[in-house]
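Inside the fold
Below are the chains, spelled out letter by letter.
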Amino acid sequence: MRSDGISRAGFLALAGAAGGAAATGALLGAGPAAATERGATPASDAGRPTAGARRGGGLTHRGVCYEVGEEAVDAGWTPARMRADIRAIKDDLHASTVSVWGDGIDHLAATSSEAAERGLHVWLQPRLADRPEREILDHLAEAGRHAERLRRGGAEVHLSVGCEFVLYVPGIVPGDNVLERVENLLNGTYDPRELARRLRSFTARAAAVGRSVFRGALTYGAAADEEVDWSLFDIVSVNYYGHHQRHADYVRELRTFQRWGKPVAIAECGTCTFVGAPDHGGMGWNVVDYGVRPPRIKGGLVRSERTQATYLSEVFGVFESMDLYAAMAFSFVSPGSPHVADPLYDLDMASYSIVKTIRARPDDPTSDWHWKPKESFHTLAQHFERARRVR
């Protein structure tokens, strides 16, 4: 998805902003008792991963997020490119899982089927934004039915009912699109109690739709500070972009997600590709000035693939030490943020992707492109391969 020059990297930052609201008490907690109030089917044990089943064994699933979509014009999805990318994720990155997310049902279905065919564990997350609630839920149901067909065919698949609803679903926060809703969150132009009520209500409706079409493990991609009634789901799943100097501080923060006694998955994690990027968390994208043409990097930043690689190595080490269920790096490729030699225009510095996009003609955003691995790709590949051998 793309809006006014702001790619998904931008939306990560906006999600971080919404999380800030939650941290100050603006997003009221749902609470375990709220599940039955709205008539959603409680999470069952059928197909549910067992919390702590691999105690001492590290992560069960390690992988990467992969964007597809019909409206995500910068995603560059084609069948041939997708098949090559999934092959690289399995054979070169040595991932065991892939999170397939986006807004195009056909692309979601084709990509998740290809991943399953290659033996990857699949997280399927339909992510339709700025549409009426009924349309978003219908989109979820269609994706869920495909996930169920995959599951019945023997694939390992989990269904995520969506991502950060407070931002993506109209009507929870005032605003016609994601950017307007974030502006209202930052300005305090909303009713906190009404926000919490609407968010709880829609999350429960989404969980009920997911249960109605999918019999495997269900989850939801929450912002790290979002209060979610996890009794509705089988897996606690969060988008995590925190940065700490000490291992113990990561553990202290992440341990709060284990209090539900359910498997914990890191649905997204990552950082950008410049010195100091981890300190920006989800705001790393904001180093690009999109108000000029062509867009340029602000602040004289220094490109550093090592910074990105070090951060991912660090947080995956934390996730392994805590025996979390799964972790997926965000993201595989960002065609809308190509790499060029001139640091002023090197938009890849503001990208969370583990490969860099190289365009045939750097000054032509419509020209053909290919990708090359960043240092983070190699770092994760080594980590995933070592972990696979240990298992």
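A brief look at the structure comes next. (Residues numbered from 1 in each chain as written. Predicted model: local features only at pLDDT ≥ 70, side-chain atom pairs only at ≥ 80, totals over all residues. Heavy atoms only, no water.)

What follows deals with the packing of aromatic side chains. The tally for this structure, following the rule as stated, stands at 17 aromatic pairs. Linked through ring pairs, Phe165, Phe202, Tyr220, Trp230 and Phe233 together constitute an aromatic cluster. In this structure, arginine 81 is placed above the aromatic ring of tryptophan 369, and the distance from its NZ or CZ to the ring centre is 3.7 Å. Here the basic side chain of arginine 127 rests over the ring of tryptophan 101, its NZ or CZ set 3.9 Å away from the ring centre. (Phe/Tyr/Trp six-rings, centres within 6.5 Å; stacked < 30°, edge-to-face > 60°. Lys NZ or Arg CZ within 6 Å of the ring centre and 35° of its normal.)

A few words on helix α9 (residues 305-321). Counting along an α-helix, one turn takes 3.6 residues, and residues three or four places apart therefore face a common direction. For α9, with 17 residues, the first-to-last C-alpha span of 24 Å sits near the 24 Å given by 1.5 Å per residue. All buried positions along α9 are accounted for by Glu305, Thr307, Gln308, Ala309, Tyr311, Leu312, Val315, Phe316, Val318, Phe319 and Glu320. One or two positions beyond α9, positive phi appears at aspartate 323, with a value near 55°. (Helix = DSSP H or I, 4+ residues; strand = E, 2+ residues; numbered from the N terminus. Expected span 1.5 Å × (residues − 1). Buried < 20%, exposed > 50% of the residue type's maximum accessible area, 1.4 Å probe, protein only.)

Our next topic: the side chain of glutamate 148. Mapped onto the secondary structure, glutamate 148 falls in helix α4 (residues 133-152). Since its relative accessible area comes to 5%, glutamate 148 is described here as buried. Within polar-contact distance, the side chain of glutamate 148 engages the backbone nitrogen of arginine 215 at 2.9 Å. Glutamate 148 has contacts with Val213, Phe214, Arg215 and Gly216, leaving out every residue within four places of it along the chain. (Polar contact = N/O pair within 3.5 Å; in protein donor to acceptor, adjacent residues only side chain to side chain. Contact = heavy atoms within 4.5 Å.)

Pairing within the closed barrel is parallel, and its eight strands lie in the order β1-β2-β3-β4-β5-β6-β7-β10. Averaged over neighbouring strand pairs, the angle between their axes works out to 25° when direction is ignored. Examined bridge by bridge, strand β1 (residues 61-68) and strand β2 (residues 97-102) share six bridges and lie parallel to one another. When the sheet's bridge partners are listed, glutamate 67 is paired in β2 with tryptophan 101. Running over the sheet, helix α7 (residues 192-213) touches β4 (157-163) and β5 (218-223) and is turned about 155° from β4. (Pairing = 2+ DSSP bridges. Axes fitted to C-alpha atoms, helices over the stretch in contact; angles between N-to-C directions.)

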